[in-house]
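Chain and residue survey
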Amino acid sequence: MNRSMKRTKGRKDERTKGRKHALSSSLPLTLWGPPLLWMSLIFLGSSLTGGHADDLTRQASGVNEPIQIQRIKDIVHITEYGILTLLLIRTFTGRSYRPSLKQTWLAFIIASLYGVSDELHQYYVPSRYPGLDDIIRNILGAALVAGVMYIIAHYRKRSQHL
């Protein structure tokens, strides 16, 4: 590196000291894109008619028994809202995955409300119906991930102070 590059780098560091990263103006898309895309995929999945959703579950899992298909769908509900909560935490923490209690609650509330709205959306889809049991599973998935992420962040913060 020549001297002029060193001088330029030094001036740039002084100019940007105390300011947000230069890419911060583009961060909303990179931060909000994943949870919004995931929410779109959830909406798309819940737009499938009841029979089509069951057929896809059979094909993907190789399972034919109705009770087993229901168990798989139960796990999917918990997982998809857990992932949504994780993506929202990522958004609120700027990818640090070290949420405050407020950020954790916000992610949990948004994911849970989206889970409720998704079930209500199914009322308008042929052969689908909203289910309180599915709402509970959606909220459970959001709560599990929110709780685990907050505990991990709290533990990390505590271990750094020791």
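Reference entry: report on the structure contained in this document. Computed from a prediction, not measured in an experiment: that's the story for all the values here. (Residues numbered from 1 in each chain as written. Predicted model: local features only at pLDDT ≥ 70, side-chain atom pairs only at ≥ 80, totals over all residues. Heavy atoms only, no water.)

1. What about the overall build of the protein chain?
Regarding its fold elements, the protein chain presents six helices and zero strands. Each helix and strand of the protein chain, ordered N terminal to C terminal, gives the series α-α-α-α-α-α. Among the 162 residues that make up the protein chain, the fraction classed as buried is 29%. For the protein chain, the share of sequence-separated contacts (at least 6 apart) that also reach a separation of at least 24 residues comes to 71%. Within the structure as shown, the protein chain displays about 11100 Å² of accessible surface, and the carbon and sulfur contribution to it stands at 65%. (Helix = DSSP H or I, 4+ residues; strand = E, 2+ residues; numbered from the N terminus. Buried < 20%, exposed > 50% of the residue type's maximum accessible area, 1.4 Å probe, protein only. Contact = heavy atoms within 4.5 Å. Areas by Shrake-Rupley, 256 points an atom, 1.4 Å probe, with all protein chains shown as cover.)

2. A word on the environment of Asn138
Structurally, the position occupied by Asn138 is in helix H6 (residues 132-161). The exposure class of Asn138 is buried, given its relative accessible area of 0%. Sequence-wise, Asn138 and Gly82 are 56 residues apart; in three dimensions their C-alpha atoms are separated by 7.9 Å. Those residues in contact with Asn138, other than ones at most four positions away along the chain, are His77, Tyr81, Gly115 and Glu119.

3. Things to note about helix H3 (residues 50-61)
Helix length check: H3 (twelve residues) gives 17 Å between terminal C-alpha atoms against 16 Å at 1.5 Å per residue, within 8%. Burial in H3 covers these residues: Gly50, Ala53 and Thr57. The buried residues of H3 occupy one face: seen down the axis, they fall within an arc of 65 degrees. Just downstream of H3 lies Gly62, where phi reads positive at about 80 degrees. (Expected span 1.5 Å × (residues − 1). Arc of directions from axis to C-beta.)

4. Concerning unusual backbone geometry
The backbone of Arg95 sits at a positive phi, close to 80 degrees, despite the residue not being glycine. Within the fold, Arg95 resides in the loop between helix H4 (66-92) and helix H5 (101-121). With relative accessibility at 39%, the residue Arg95 sits in the partly exposed group. At Tyr97, a position not held by glycine, the phi torsion is positive, near 55 degrees. With respect to the secondary-structure elements, Tyr97 resides in the loop between H4 and H5. The class for Tyr97 is partly exposed, based on a relative accessible area of 30%.

5. Focus on the environment of Phe108
Within the secondary structure, Phe108 sits in helix H5. If we skip the residues at most four places from it in the chain, Phe108 touches Thr85, Ile139, Ala142, Ala143 and Ala146.

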